[in-house]
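One-letter residues, chain by chain:
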Amino acid sequence: MKYQKVEEVKLILEEDQKQITNLQKLNDLKIKYLGKKGLITELNQYIKDIPSEERKEFGLCVNELRNEFNDFYETKKNLFETEILNQKLEKEAIDITLPSTKTKRGSKHPVNRMIERIEDLFVSMGYDVVSGPELETDEFCFERLNLPKGHPARDMQDSFYITDEYLLRTQTSAVQARTLLANKDNPKPIREIVPGKTYRKEDDATHSHQFCQCEGLVIDKKENHVSLADLKGTLEIFVKEVIGDNLDLRFRPSYFPFTEPSYEVDVTCFKCGGKGCPLCKDTGWIEILGAGIVHPNVLRMNGYNPDEWGGFAFGPGLERLTMFRYGIPDMRYLYTNDIRFLEEFDRKDDSDAIK
Ligand code: DAH
């Protein structure tokens, strides 16, 4: 090389390069050569001692050295960085053969399974699925269902009143009045079910203060003759699809203020098959719902003319149906949240759901 100064720096650099074993040393080297007072940077100060016609060439020589340095720097830098990354990856490697920590999986509550089953069935028969408020007014829960204040039948439903006017609804029947009234300006046929929570002030081995019901309401023009036979046919399909085949139904005359005539409907005891056992109190039957022909007063009070419109209603409690379907012997299992109980249902596949 023509310029001794450049040559000198190049020689020192070559020696220095041999000592570079890591990123830190490489960066130090960069400062030593290309920093403000770096050896390559400082070569520029000799330019003034060089004859002007050679200055350009001198400059090219310095640049060449700088480029060489940069190439060296980049190559080494990549090398060291890859090395660091590989070391890190090796250290942080995950042993996928290690057993994992078990995550607890939730599963659908059996009452919710039952609700979905009922919804699927009734939707397939053209019903709407409707909901209403759980915090309900006395008016909708009772008065508009033909249960005025002071009516003795209110005694059958011990209620949680929040104020004189508001209570936790004791029955999903309240939504019957809501739907009828919503249509009062333009009455039209109704086919709906109302699954949901209900509340009563009772708590013993067979009752819980909160439980679920699923109201059903069918209203049509009088000339379409929605009759007791239709109610019976509907409930027969309901029981067959929701609880199981080979169960008999029994209609017993009963009393509800919002239906006339009214019935309580029993099915063959699932435990003894009708022979009689402690569960069915030796009768062979278990009551599952109340039902009847909608009372003219209910229609009238909620904007439907009973001379033109008529239909039926029914209201099963869902805990019982769930117990029948899955053979659960005690209602309290449904609400004590024992994870072992719920896990049982995790394993039961849903293939029996109505398609
Ligand atoms: N709501 C009633 C109860 O909780 C059950 C019932 C009876 C619902 C007759 C009905 C019905 O729709 O027609 O005891």
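About the cut-offs
- Residues numbered from 1 in each chain as written.
- Predicted model: local features only at pLDDT ≥ 70, side-chain atom pairs only at ≥ 80, totals over all residues.
- Heavy atoms only, no water.
- Axes fitted to C-alpha atoms, helices over the stretch in contact; angles between N-to-C directions.
- Helix = DSSP H or I, 4+ residues; strand = E, 2+ residues; numbered from the N terminus.
- Parallel < 35°, antiparallel > 145°, perpendicular 65-115°, else oblique.
- Contact = heavy atoms within 4.5 Å.
- Nonpolar A, V, L, I, M, F, W, Y, C, P; charged D, E, K, R; others polar.
- Domains from an automatic or database assignment.
- Core = buried A, V, L, I, M, F, W, Y, C linked by side-chain atoms within 4.5 Å.
- Buried < 20%, exposed > 50% of the residue type's maximum accessible area, 1.4 Å probe, protein only.
- 1 Å grid on protein atoms, 1.4 Å probe; cavity = no way out; pocket = protein on both sides within 12 Å on 5 of 7 lines; lining within 4 Å.
- Points joined across faces, edges and corners; volume = space filled by probe spheres on them.
- Pairing = 2+ DSSP bridges.

Undergrad: When you look at the packing of helix α5 (residues 110-124) against helix α10 (residues 318-326) in this model, what are you seeing that I'm missing?
TA: A pair of packed helices is characterised by two quantities: the angle between their axes and the separation of those axes. Here α5 crosses α10 at 95°, and the two axes come no closer than 9 Å. Compared by their axis directions, α5 and α10 come out roughly perpendicular. Across from Pro110, Val111, Arg113, Met114, Ile115, Arg117 and Ile118 in α5, the residues of α10 making contact are Leu318, Leu321, Thr322, Arg325 and Tyr326. Grouping the amino acids of the contact of α5 with α10 by side-chain chemistry returns eight nonpolar, one polar and three charged.

Undergrad: Would you mind showing me how to read the domain arrangement of the protein chain here?
TA: For the protein chain, the assigned domains are domain 1 (2-91) and domain 2 (110-352). With centres defined by C-alpha atoms, the gap from domain 1 to domain 2 works out at 88 Å.

Undergrad: Would you explain the nonpolar core in this entry?
TA: Within the largest apolar cluster, 45 residues are counted, with the highest numbers of intra-cluster contacts made by Ile118, Leu235, Phe238 and Leu321. In terms of residues, this core owes the most to one element, α5, which gives six residues. Setting aside anything within four residues of it in sequence, one finds phenylalanine 238 in contact with Ile118, Leu121, Phe122, Ile243, Leu289, Pro316 and Leu321. By size, the runner-up hydrophobic cluster in this structure holds 20 residues, among which are Leu145, Leu147, Ile219 and Val294.

Undergrad: Sorry if this is basic, but what is going on with the layout of surface pockets here?
TA: Space left empty within the atom packing is revealed by a probe, the size of a water molecule, rolled over the atoms. Volume-wise, the largest pocket comes out at about 1,300 Å³. Lining the largest pocket are 49 residues, and of these His207, Glu287, Ile288, Gly317 and Arg320 lie nearest its centre. Sorting the residues of the lining of the largest pocket by element identifies β5 (210-221), β6 (249-256), β7 (259-268), β8 (285-294), β9 (309-316) and α10 as the ones contributing at least two each. Ranked by residues supplied to the lining of the largest pocket, first place goes to β8 with eight residues. Per-class residue counts for the lining of the largest pocket are 22 nonpolar, 14 polar and 13 charged.

Undergrad: Help me understand the environment of proline 189, please; the structure alone is not making it clear to me.
TA: Examined against the element boundaries, proline 189 turns out to sit in the loop between α7 (174-182) and β4 (190-199). Excluding its chain neighbours within four sequence positions, the residues that come into contact with proline 189 are Ile219, Asp220 and Trp309.

Undergrad: Honestly, the pairing of β9 in this entry has me stumped. Any pointers?
TA: Counting buried positions along β9 gives eight out of eight residues, so the element sits mostly inside the fold. With burial as the criterion, each face of β9 is covered, one bearing Trp309, Gly311, Ala313 and Gly315 and the other bearing Gly310, Phe312, Phe314 and Pro316. Here β5 pairs with β9 via six bridges, running antiparallel. Within the sheet, the bridge partner assigned to valine 218 lies in β9 and is phenylalanine 312. In this sheet, β9 lies alongside β8 in antiparallel orientation, the contact comprising five bridges. Residue pairing for β9: leucine 289 is matched across the bridge by proline 316.

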